[in-house]
Amino acid sequence: MFTAESTGTAEAPVPCYRIKSSSSRPIQLVGVVTEDKEAQGMFKSMDLNCVIKLLEETDKDDLEEKQLTCVKKLVQCYQNGLPLRDLAQIFKILNLCARKIEKHPCFVESALDILKLSGLPFLKKKVSDEITYAEDTANSIALLGDLMKIPSSELRIQICKCIIDFYHAEPPKKHIPGYQQASSSYKIQMAEVGGLAKTMVQSMTLLQNQLIVKLWILKVLQHLSTSEVNCTLMMKAQAASGICAHLNDPDPSGQFLFRSSEILWNLLEKSSKEEIIQQLSNFECLLALKEVFTNLFTSGFSHYDRQLRNDMLVITTIIAQNPGAPMIECGFTKDLILFATFSEVKSQNTLVKGLKLSNSYEDFELKKLLFNIIVILCKDIPTIQLLIEGKVVSALLTYVKKPEKHKTIEWSAAQYEELQLHAIATLSSIAPLLIEDYMSCQGNARVLEYLEWCESEDPFFSHGNSFHGTGGRGNKFAQMRYSLRLLRAMVYLEDETVNTDLCEKRAIQQMIGIFKNIMNKSNEKEEPIVLEIQSDILLTLSGLCEYHIQRKEIFGPEGVDIILHVMKTDPKKLQSGLGYNVLLFSMLDSIWCCILGCYSLEDYFLEKEGIFLLLDLLALNQKKFCNLILGIMVEFCDNPKTAAHVNAWRGKKDQTAASLLIKLWRKEEKELGVKRDKNGKIIDTKKPLFTSFQEEQRIMPLPANCPSVAVMDVAENIRAKIYSVLGKLDFENLPGLSTEDFVTLCIIHRYLDFKIGEIWSEILEEIKLEKLRPVTTDKKVLEAITAASENIGKMVASLQSEMIESQARQDVLNEQKIYAKIQATNKQRELVNKSWENFVARTSNAKTLKRAKRLQEKAIESSRYTKRPQNAIFHQTDIKGLNTTVPPGRVVTVESTPAQLIGGPLADTDIALKKLPIRGGALQKVKTGKPVDEPKKSIPT
């Protein structure tokens, strides 16, 4: 592309593509320069209207000589450039001269001279001239394409040179005061506006064997095709098919093919790719491409020939993407298959006899391009027979082996590694179409042996420097990745021969071992490719074990352990974008296919707390996983041991499984637009489960084998699965439910009844739409079913109302209890405060203390017996001489044995002697052996 220069620049513009250095002489600003006499005389000495009038005259004898002289003067006058204001008249003069060439060949030189002037930069006097004379300029440049119709090779070549000069503009030979060179891209833009590219393409049809002129036109089209506008014009003129059909024209110069391929490339990149492919998808173009490619493949040895050969193959690959391209009919497909496999499969075909590829970069790229085009060609069913005949599977399987040491090969180590990965990737697309060839070549055995090498500790320094080798530098992960992808493709064919062969070769145990070995061998850079490997292993195991109990038993506890390992993945990694989501989907699929249905594995899964991990995943509330997890839960609940595990699970904030399921139900109904009030109660008892989509969808009569909207609703959301899980857990005695959960549970409990009612409503509506009248008995039955369904809705709504009211009453009671507790607390606080005030009053006021003492003594006296029991000992409660203001405590210690007999509690201690005596000092022990009286009974005061 070329950058457009601003029209107001003060210096001569410098084009950015192969332009000679411009003159260092500065050009004055247009706004400052004044018209001097030299400039006026230079461009005003010629009266262009007179020249045109002279060229239009035909009835004078010496007219031809005068016309030629006049044109020469014009050329001399404008030898430094053409002003934009005179451009329309000058090109009219050019057109008149060109029209005279056929009868008067002497005008060729005049036309050529004017064309040479057109190659010089256009001159503008004002900044606005480029806009003012844009239409005249575009029409003038478009005239160049029209002049190609004149049968003069010299004129046509000069026109081509003139157009090419648009892209390689040179500064004017002499500076003209008062004029400035137009921007370098101005001519190119005007050529686009004038549609020059279209007329140049059309001029190709006027040339028969004029090779030189053709080459010049191709050179022009090569320059023009750098613009998207021109490519669109060329596309409309059918340039692609016109150029491609003549690729095999004789060309001693060797430029024709190169320039044609360049133009085709530009057309594919800068215009409608689909339209260009459609133009090239005809028998004539493909036959020409086939011949060119075959000649370059078998006879081209130079670096240039190899590059051109690869370019042709890329263009062919793009065309092959069109299913309507007659690749097989023209024999191109068969030749491409031959060229792709002749190095690996011996062939007696004369095209490849004695042919050998080198390890040059171009031949290496060719090999990869041939593998790539085979993948594209195999999408066309008739190509399969050609692939069988060409032994493509056998050729590709030669790469499925560990690198052999001390063996000379035509490729370098890095090249062979890349080709090996490319070949295995190609097999993933082709082998599923050619099962018999794959099995006859022992494909499973080769791939499993290759996987064994990938898992081994055999030192291997991979380069990992290709698209297929991403993430595999210094390890065998890339090789393992594509081998497992191939096995996954074969297993998912569900061909029993292939799957049985894999199981007999211990593929299940081998893949479980691979999974275990790579769990701790990757780093952050290799994490995405390791995750893909693990996902492919799980998917392959799912395909092998589904529907086969014996294979599930082979999967065994070791297989369950790797599933549990994946289930323990940190949930934060699911948002990393590395592939953990895919791995999680693969894991859930493997639970469904490898564990469910095998009771021993189900029990082991439960013992290892698999249901807890499954519910943890469900609690993440990831919508993309919910449906699959709930489906697994439904199947697991058939095991009688599952219910205990589900009820024992606790999530965040002590959430139970039943509460989680009901919460998911509410969320699903909210997304579906089901009508509920603020308490979750049914609003429409006739249509309690209706979604917003069902309400918008109009009921239409359908055949009996077509599911209705109500039936499809069961499969399109998770409500049916939640109903199934809760039903298998039994709707009674579900732990950890709130009133809101119970309100929702009423609806879930009746889900099946409501859904049956919906279906009968649809049947009734279809009968009405079809204008059928059921017999009396059927009519009564339909009415009874409709009424019963509505009554169930009313009953559930009534039950929900009772629950809501009961909860409201309970809330009021709880509120009253809380208020009573608050009141008791406040009262107790008041009593404490009052007691404290009394205490402070007693300690600070002697009268208050005495009054309190009297009250205390009175209370003590009133509590005593009026009559004392016989033999009772009276204990004085007052401590005489006590100088404290605090009343004594409620506990009184009564000693029933005299202290003189047993001594006090401190009698044997030294501290007793240090204490001040209260009652005559510490009590003393009485010597043993002295008779004592039996202690008297005592009662507390």
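What counts and how
Residues numbered from 1 in each chain as written. Predicted model: local features only at pLDDT ≥ 70, side-chain atom pairs only at ≥ 80, totals over all residues. Heavy atoms only, no water. Helix = DSSP H or I, 4+ residues; strand = E, 2+ residues; numbered from the N terminus. Contact = heavy atoms within 4.5 Å. Areas by Shrake-Rupley, 256 points an atom, 1.4 Å probe, with all protein chains shown as cover. Pairing = 2+ DSSP bridges. pLDDT = per-residue confidence, 0-100. Axes fitted to C-alpha atoms, helices over the stretch in contact; angles between N-to-C directions. Parallel < 35°, antiparallel > 145°, perpendicular 65-115°, else oblique. Buried < 20%, exposed > 50% of the residue type's maximum accessible area, 1.4 Å probe, protein only. Salt bridge = Lys/Arg side-chain N within 4 Å of Asp/Glu carboxyl O. Left-handed = near helix turned anticlockwise from the far one by under 90°. Nonpolar A, V, L, I, M, F, W, Y, C, P; charged D, E, K, R; others polar. Phe/Tyr/Trp six-rings, centres within 6.5 Å; stacked < 30°, edge-to-face > 60°. Lys NZ or Arg CZ within 6 Å of the ring centre and 35° of its normal. Polar contact = N/O pair within 3.5 Å; in protein donor to acceptor, adjacent residues only side chain to side chain.

Novice: Just checking my understanding: could you explain the overall build of the chain for this structure?
Specialist: Looking only at helices and strands, the chain features 44 helices and three strands. Taking the intrachain contacts of the chain between residues at least 6 apart in sequence as the baseline, contacts between residues at least 24 apart amount to 77%. Carbon and sulfur atoms make up 53% of the accessible area of the chain, which totals about 51,400 Å².

Novice: I'm lost on the sheet that holds strand 2 (residues 122–124) in this one. Help?
Specialist: The sheet built from three strands is open, its strands ordered 1-2-3 with mixed pairing. Both edges of this open sheet fall to strand 1 (82–83) and strand 3 (180–181), since each of them pairs with a single strand only. Pairing between strand 1 and strand 2: two bridges, direction parallel. When the bridges of strand 2 are listed, proline 83 appears paired with leucine 123.

Novice: Looking at this model, I keep getting lost on the confidence of the model for the chain. Mind explaining?
Specialist: Do not read the fine detail of predicted coordinates wherever pLDDT is low. This prediction gives the chain a mean pLDDT of 84; 85% of its residues lie at or above 70. Predicted confidence is poor over residues 1–41, with pLDDT under 50, and the contacts of this stretch with residues over four places away or in other chains come to 67 contacts. Confidence drops under pLDDT 50 across residues 909–941; counting only partners more than four residues distant or on other chains, this segment forms 29 contacts.

Novice: Mind showing me how you'd approach the packing of helix 19 (residues 361–377) against helix 22 (residues 413–430) here?
Specialist: Helices that pack against each other are described as a pair by the angle of their axes relative to one another and the distance between those axes. For the pair helix 19 and helix 22, the least separation of the axes is 9 Å and the interaxial angle reads 10°. Looking at the two axes, helix 19 sits roughly parallel to helix 22. Residues Phe364, Lys367, Lys368, Phe371, Asn372, Ile374 and Val375 of helix 19 touch helix 22, and the partners they reach there are Gln415, Glu418, Leu419, His422, Ala423, Thr426, Ser429 and Ile430.

Novice: Would you take a moment to explain helix 39 (residues 739–749) for this structure?
Specialist: One full turn of an α-helix is made of 3.6 residues, so residues set three or four places apart face in the same direction. Burial in helix 39 covers these residues: Asp741, Val743, Thr744, Leu745, Cys746, Ile747 and Ile748. Contacts made by the buried residues of helix 39 are with helix 35 (657–672), helix 38 (719–729), helix 40 (751–769) and helix 41 (776–844).

Novice: Would you explain the pattern of salt bridges in this entry?
Specialist: The final tally for this structure, using the stated rule, is 30 salt bridges. A salt bridge links aspartate 363 to arginine 306, with the nearest nitrogen and oxygen atoms 3.9 Å apart. One end of the pair, aspartate 363, is in helix 19; the other, arginine 306, is in helix 17 (residues 303–320), and 57 residues separate them in sequence. Considered together, aspartate 363 and arginine 306 belong to a single accessibility category, that of buried residues. The partner of glutamate 695 in a salt bridge is lysine 675, and the shortest N-O contact between them spans 3.7 Å. On the criterion of sequence distance, the pair formed by glutamate 695 in helix 36 (residues 692–696) and lysine 675 in the loop between helix 35 and helix 36 is long-range, its members being 20 residues apart. On the basis of relative accessible area, lysine 675 is assigned to the partly exposed category, the value being 44%. Put simply, Glu669, Arg676, Asp713, Arg719, Lys755 and Glu758 are held in one network by salt bridges that share partners.

Novice: So what exactly am I meant to see when it comes to helix 18 (residues 332–341) here?
Specialist: Of all ten residues in helix 18, nine are buried, a share of seventy percent or more. Of the positions making up helix 18, those classed as buried are Phe332, Thr333, Asp335, Leu336, Ile337, Leu338, Phe339, Ala340 and Thr341. Buried positions along helix 18 lie against helix 16 (283–299), helix 17, helix 19, helix 20 (383–389) and helix 21 (392–397).

Novice: Would you mind going over unusual backbone geometry with me for this structure?
Specialist: Residues other than glycine predominantly adopt negative phi, and peptide bonds predominantly adopt the trans conformation. Phi is positive for lysine 391, which is not a glycine, with a value near 55°. Among the secondary structure elements, lysine 391 is positioned in the loop between helix 20 and helix 21.

Novice: Sorry if this is basic, but what is going on with the packing of helix 32 (residues 610–619) against helix 35 here?
Specialist: Helix 35 packs onto helix 32 with a crossing angle of 30° between their chain directions and a minimal axis gap of 11 Å. Seen along the crossing, helix 32 lies across helix 35 with a hand that is left-handed. Side by side, helix 32 and helix 35 meet where Leu615, Leu618 and Ala619 of the first sit next to Ala657, Leu660, Leu661 and Leu664 of the second. Residue composition of the contact of helix 32 with helix 35, by class: seven nonpolar, no polar and no charged.

Novice: When you look at the packing of aromatic side chains in this model, what are you seeing that I'm missing?
Specialist: In this description, an aromatic ring pair is defined by two values, namely the gap between the centres and the angle between the planes. Summed over all chains, the structure comprises 16 aromatic pairs. With a centroid separation of 6.3 Å and an interplanar angle of 55°, the aromatic rings of phenylalanine 293 and phenylalanine 332 are classed as tilted. A residue pair is termed long-range when its members are at least 10 positions apart, and phenylalanine 293 in helix 16 and phenylalanine 332 in helix 18 qualify at 39 residues. Judged by centre distance (4.8 Å) and plane angle (55°), the rings of phenylalanine 585 and phenylalanine 625 are tilted. Here the residue phenylalanine 585 occupies a position in helix 30 (residues 580–595), and phenylalanine 625 occupies one in helix 33 (residues 623–636), the gap between them amounting to 40 residues. Grouped by ring-pair contacts, the aromatic residues Phe293, Phe297, Phe332, Phe339 and Phe342 constitute a single cluster. Taking NZ or CZ as reference, lysine 100 lies 5.9 Å from the ring centre of phenylalanine 107, over its face.

Novice: Is there a simple way to think about the environment of serine 153 in this case?
Specialist: Topologically, serine 153 is positioned in helix 8 (residues 153–165). It is 8.2 Å that separates the C-alpha atoms of serine 153 and glutamine 210, two residues lying 57 residues apart in sequence. Other than its neighbours up to four places away in sequence, serine 153 contacts Gln210 and Val213. Reaching out from serine 153, the side chain makes a polar contact with the side chain of glutamine 210 at a distance of 3.4 Å.

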